[in-house]
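Structural characterization, general
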Amino acid sequence: MLILDNKMLEAYELFMDGTLGPKAFMVLSEPTGHFPPTRPIPNCPNLEVRAGKSHIMTKDMMCDWLKSCVFIPSVPKKLFMLIDSWPSFKDHQTIENCVPRGYDVTIRNVPPNTTGLIQPLDAHWNGPWKNFLKKFTAYALIFYPDYIIAQRNNEIWMISLVYHQFSAREFQPFLKYSWKKTGYSDFYSPFLTPSEYCFGKVDHEDCYSPNCPNLAFIKCSRCKEFICFEHFIIKDKHLCTSV
Ligand SMILES: [Zn+2]
Ligand SMILES: [Zn+2]
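These remarks concern the structure in this document. Please read all numbers here as calculations on a predicted model, not as lab measurements.

Between its first and last C-alpha, helix α6 (residues 152-166) extends 21 Å over 15 residues, near the 21 Å set by a 1.5 Å rise per residue. The buried fraction of α6 is high, at 14 of 15 residues.

Before going further, it helps to examine the coordination of the zinc ion (ligand 1). The protein atoms donating to the zinc ion (ligand 1) are Cys220 (SG), Cys223 (SG), His238 (NE2) and Cys240 (SG), with metal-donor distances spanning 2.1 to 2.3 Å. Around the zinc ion (ligand 1), the 4 donor atoms are arranged such that angles at the metal cover 106 to 122°; this shape is classified as tetrahedral. Mapping the donors of the zinc ion (ligand 1) onto the primary sequence gives the spacing C-x2-C-x14-H-x1-C. In this pair, cysteine 223 is assigned in the loop between β7 (218-219) and β8 (226-227) and cysteine 240 in the segment after α9 (229-234), connecting sequence segments 17 residues apart. Relative accessible area serves as the criterion here: at 22%, cysteine 223 is assigned to the partly exposed category.

Time to look at a nonpolar patch on the surface. On the surface, a nonpolar cluster with roughly 360 Å² of combined accessible area is contributed by Leu141, Ile142 and Phe143. Mapped onto the elements of the fold, isoleucine 142 is located in helix α5 (residues 120-143). A relative accessible area of 60% means that isoleucine 142 is categorised as exposed.

Bringing the packing of α5 against α6 into the picture now. Contact geometry for α5 and α6: axes closest at 11 Å, N-to-C directions at 125°. The orientation of α5 with respect to α6, classified from their angle, is oblique. In this structure, the crossing between α5 and α6 has a hand that is right-handed. On α6, the residues touching Trp125, Pro128, Trp129, Phe132, Leu133, Phe136 and Thr137 of α5 are Met158, Ile159, Val162, Tyr163 and Phe166.

For the zinc ion (ligand 2), the protein coordination sphere consists of Cys207 (SG), Cys212 (SG), Cys228 (SG) and His231 (ND1), at 2.0 to 2.3 Å. Of note is the zinc ion (ligand 2), whose 4 donor atoms meet at the metal with angles of 103 to 112° in an arrangement that counts as tetrahedral. The motif formed by the donor residues of the zinc ion (ligand 2), counted along the single chain, is C-x4-C-x15-C-x2-H. In this pair, cysteine 212 is assigned in the loop between α8 (194-199) and β7 and cysteine 228 in the loop between β8 and α9, connecting sequence segments 16 residues apart. Accessibility expressed as a relative area gives 15% for cysteine 212, which makes it buried.

Along the polypeptide, serine 209 turns up in the loop between α8 and β7. In this structure the side chain of serine 209 is engaged in a polar contact, spanning 3.5 Å, whose partner is the side chain of histidine 231.

A few words on the packing of aromatic side chains. The description of two aromatic rings rests on the distance between their centres and on the angle between their planes. As enumerated under the stated definition, the model contains 32 aromatic pairs in all. Ring centres 5.4 Å apart and planes at 75° place the aromatic pair phenylalanine 132 and phenylalanine 166 in the edge-to-face group. In this pair, phenylalanine 132 sits in helix α5 while phenylalanine 166 sits in helix α6, placing the two residues 34 residues apart along the sequence. When its relative accessible area of 0% is taken as the criterion, phenylalanine 166 is described as buried. Centroid distance tyrosine 188 to phenylalanine 191: 6.3 Å. Interplanar angle 65°. Geometry classified as edge-to-face. Judged by its relative accessible area of 25%, phenylalanine 191 falls in the partly exposed class. The lysine or arginine in question, lysine 176, covers the ring of phenylalanine 187, its NZ or CZ lying 3.9 Å from the ring centre.

A few words now on the pattern of salt bridges. Scanning the entire structure with this criterion turns up 8 salt bridges. Lysine 23 is the salt-bridge partner of glutamate 48, the closest N and O atoms lying 2.7 Å from each other. Here glutamate 48 is found in strand β4 (residues 47-52), whereas its partner lysine 23 is found in the loop between β2 (9-11) and β3 (24-29), with 25 residues between them in sequence. Note that lysine 224 and glutamate 170 form a salt bridge whose closest N and O atoms lie 2.7 Å from each other. Remark: glutamate 170 occurs in the loop between α6 and α7 (172-181) and lysine 224 occurs in the loop between β7 and β8; sequence separation between them is 54 residues. According to the relative accessible area criterion, lysine 224 is partly exposed, its value standing at 34%. Look at the salt bridges and you will find they share partners, linking Lys23, Glu48, Arg50 and Asp64 into a network.

Once that is clear, we can look at the state of the cysteines. A complete count under the given rule lists 1 disulfide for this structure. At a sulfur-sulfur separation of 2.1 Å, the disulfide partner of cysteine 63 is cysteine 98. Linking cysteine 63 in helix α1 (residues 59-70) with cysteine 98 in helix α3 (residues 92-98), this pair joins segments that are 35 residues apart in sequence.

Parameters and conventions
Residues numbered from 1 in each chain as written. Chains lettered and ligands numbered in written order. Predicted model: local features only at pLDDT ≥ 70, side-chain atom pairs only at ≥ 80, totals over all residues. Heavy atoms only, no water. Helix = DSSP H or I, 4+ residues; strand = E, 2+ residues; numbered from the N terminus. Expected span 1.5 Å × (residues − 1). Buried < 20%, exposed > 50% of the residue type's maximum accessible area, 1.4 Å probe, protein only. Donors = N, O, S within 2.8 Å, 3.2 Å for Na, K, Ca; no water. Tetrahedral: all angles 85-135°; square planar, octahedral: opposite > 155°, others 65-115°. Patch = residues over 30% accessible without salt bridge, like charges linked within 9 Å, V, L, I, M, F, W, Y side chains within 5 Å. Areas by Shrake-Rupley, 256 points an atom, 1.4 Å probe, with all protein chains shown as cover. Salt bridge = Lys/Arg side-chain N within 4 Å of Asp/Glu carboxyl O. Axes fitted to C-alpha atoms, helices over the stretch in contact; angles between N-to-C directions. Parallel < 35°, antiparallel > 145°, perpendicular 65-115°, else oblique. Left-handed = near helix turned anticlockwise from the far one by under 90°. Contact = heavy atoms within 4.5 Å. Polar contact = N/O pair within 3.5 Å; in protein donor to acceptor, adjacent residues only side chain to side chain. Phe/Tyr/Trp six-rings, centres within 6.5 Å; stacked < 30°, edge-to-face > 60°. Lys NZ or Arg CZ within 6 Å of the ring centre and 35° of its normal. Disulfide = S-S within 2.5 Å.

Given below as structure tokens:
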């Protein structure tokens with residue numbers, strides 16, 4: 001399952017049980033096609049980050065994504081893959097060539113121009129994801145103007161931490177709704193969106209870190225702690241091990 005951002009290319013896997021793939025894939029624009037060795041990218045455990053010259057998902061990049069994020073041990077061996085109709089994704093032969101032995105994969109493409117209706121990420125994930133990032137960025141701009149969120153590595157950490165929040169068990173009903181909204185499933189259970197859950201009740205709460213004088217910026221959807229911006233992304237990177 002994929003969505004396309006106008007600044008970077010990102011690929012996400014959303015499963016029908018309301019879980020996300022263990023790793024998201026993102027391609028950042030670099031004129032040379034490489035990250036400068038003097039400025040290495042951070043090592044985020046839930047992201048595979050690549051440099052690309054364009055926003056087009058080339059066949060090589062698609063295979064890289066399949067091998068690094070999809071056909072990995074924690075993902076089931078039997079897969080029904082619903083993917084967009086980008087040129088590379090319509091090349092089923094190339095995809096099949098990337099499938100390691102022991103996998104049973106069925107590939108179907110979402111027809112062009114219907115993604116808003118029947119592509120589960122496009123229909124339900126994209127909006128809340130963008131909304132969350134917008135709130136995150138706005139908070140940084142207002143309260144931590146020295147922490148430049150638009151700087152490449154800070155932006156990568158933001159995506160990693162937000163992806164960690166979105167993959168919480170708390171959001172399984174929210175993620176499952178993507179499949180209901182697009183007509184693949186009848187499951188429905190009431191949910192709060194990640195923005196509502198994480199930013200809705202933080203006013204006047206203190207940061208959970210002992211002796212921290214800051215007010216909370218977020219309620220972690222995993223460990224349920226209230227955390228300030230510094231302890232979430234600046235001093236610490238809040239990738240707690242709670243599910
Ligand atoms: Zn946490
Ligand atoms: Zn704090």
